[in-house]
Amino acid sequence: MLKNKIVFITGASSGMGKACAEAFAALGARLIITARRLDRLTELAENLRTHHAIDVLPLALDIQDNIMINQVVDSLPASWKTIDILVNNAGLAHDTKPLQEGSPTDWDTVIDTNFKGLLYVTRAILPSMIARGAGHIINIGSTAGRAYYAGGNVYCATKHAVKAITHCLRIDLAGTPIRVSEVDPGITRSEFNEVRWQDKARADAFYEGFTPLAPEDIARSVVFCAIQPAHVNIAEIMLFPTDQNAPSMVTRKGEMPEAGVLR
Ligand SMILES: NC(=O)c1ccc[n+]([C@@H]2O[C@H](COP(=O)([O-])OP(=O)(O)OC[C@H]3O[C@@H](n4cnc5c(N)ncnc54)[C@H](OP(=O)(O)O)[C@@H]3O)[C@@H](O)[C@H]2O)c1
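Residues numbered from 1 in each chain as written. Predicted model: local features only at pLDDT ≥ 70, side-chain atom pairs only at ≥ 80, totals over all residues. Heavy atoms only, no water.

1. Let's talk about the environment of T158
Let me state the cut-off plainly: Only DSSP runs of H or I with at least four residues qualify as helices, and only runs of E with at least two residues qualify as strands; both kinds are numbered from the N terminus onward. Working definition: with a 1.4 Å probe on protein chains only, accessible area under 20% of the residue-type maximum means buried, over 50% means exposed, and in between means partly exposed. Note on contacts: a residue pair qualifies if any of its non-hydrogen atoms lie within 4.5 Å across the two residues.
The topology assignment puts T158 in helix α5 (residues 153-172). Take T158: its relative accessible area is 3%, and that puts it in the buried class. Here the alpha-carbon distance between T158 and G91, two residues 67 residues apart in the chain, equals 9.7 Å. Setting aside chain neighbours within four positions, we find T158 in contact with V110, I111 and N114.

And the structure:
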């Protein structure tokens, strides 16, 4: 079903984006994998070509940069232009400080990536999907887009924004066959918390005492959205680790359930 479909993934150099690339590759899709760290993408592309005998196009892309996005999309080789599936995955958080202690520079990065970057990439790719009458946008949101937790302020706001865009985009695309889905993960072990806190020891300690989701768990949900028949649009999937009881509550072994886990 996905054989030779072209899948464009943002943030494929790590975590869920990389796992999505592996999952789509296993089903024979052709992949455009993007992120800022081209060295990692090049290595991933080599592995995917070797193990799955598929075409992979690794491209350096900073989704905060709308000019770069348009250059990258406009200069895709002819055989890569007909993107079937866009996975808007790239995203990050910076810190978990209360707003009154937060850094406006960090806020800009989070807003420019999670919210504006997703808009820019979608704006660049969607018109060709509409023109061809085929396409599927799959946004990676978060349980942070459905709730509020201590220190979540700007990150939660960007993921609420992603949810609003997912809903509104489906309305904008009324009368077209283009599908729009959102996958909202709970706590997932990736580089996310290392980026968030710039402190590997703190990030590692965060995952102690419970079993977080793995990036592959999210990739399975993304693929589930993508393999439905054309008349089925999976609107949203939300996943928690079994040990996570609510967006701001995780139960660690031997401890009482703890709220405000991200602090
Ligand atoms: N981990 C969690 O607990 C969790 C839970 C819910 C939702 N999420 C969401 O899941 C998505 C993936 O996160 P992850 O957990 O897989 O984290 P990750 O391992 O840190 O991966 C994040 C990816 O985003 C890319 N990225 C960051 N800024 C970018 C930019 N300006 N331009 C292009 N790519 C950029 C990174 O690549 P480069 O640095 O190479 O550019 C990396 O490939 C994010 O949207 C995140 O908000 C994460």
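There is more to say after this.
2. Brief notes about the nonpolar core
The condition that has to hold: Among buried residues, the Ala, Val, Leu, Ile, Met, Phe, Trp, Tyr and Cys ones that are joined through side-chain atoms within 4.5 Å form a nonpolar core.
Ranked by size, the top nonpolar core spans 35 residues in total, and within it F24, L31, I33 and V87 carry the most contacts. The set of elements that each furnish at least two residues to this core consists of β1 (6-10), α1 (15-26), β2 (30-35), α2 (38-52), β4 (85-88), β5 (136-140), α8 (215-226) and β7 (236-239). If we ignore the near neighbours within four places in the chain, the residues touching I33 are I9, A12, A21, L41, L44, A45, V56, L57, P58 and L59.

3. With respect to the side chain of Q228
What counts here: Any N or O atom pair separated by 3.5 Å or less is treated as a polar contact, with the protein-specific requirement of one donor-capable and one acceptor-capable atom, and with residues adjacent in sequence counted only for side-chain atom pairs.
Here Q228 shows up in the loop between α8 and β7. Among the residues examined, Q228 registers a relative accessible area of 16% and is labelled buried. Within polar-contact distance, the side chain of Q228 engages the backbone oxygen of F224 at 2.8 Å.

4. Some details on the side chain of D184
Take D184: it is sitting in strand β6 (residues 179-185). For D184, a relative accessible area of 0% puts it in the buried group. Only 3.2 Å separates the side chain of D184 from the backbone nitrogen of S142, close enough to count as a polar contact. Ignoring sequence-local partners within four residues, the contact set of D184 consists of G141, S142, T143, R146, K163, I237, M238 and L239.

5. Observations regarding the sheet that holds β7
We apply this condition: Pairing between strands requires that DSSP locate at least two bridges from one strand to the other. To obtain an axis, a line is fitted to C-alpha atoms, over the contacting stretch when the element is a helix, and the angle between two such axes runs from 0 to 180 degrees between their N-to-C directions.
Pairing is parallel across the open sheet formed by seven strands, whose spatial order is β3-β2-β1-β4-β5-β6-β7. Both outer strands of the open sheet, β3 (56-60) and β7, are each paired with one neighbouring strand and no more. Geometrically, the sheet is characterised by an average inter-axis angle of 15° between neighbouring strands, direction not taken into account. Two elements, β1 and β2, share five bridges in a ladder whose sense is parallel. Opposite I9, over in β2, you have I33 as the bridge partner. Lying on the sheet, α2 is in contact with β2 and β3; it crosses β3 at an angle near 175°. Taken strand by strand, α5 contacts β5, β6 and β7, and its axis lies near 160° from that of β6.

In short, geometric facts, not functional conclusions.
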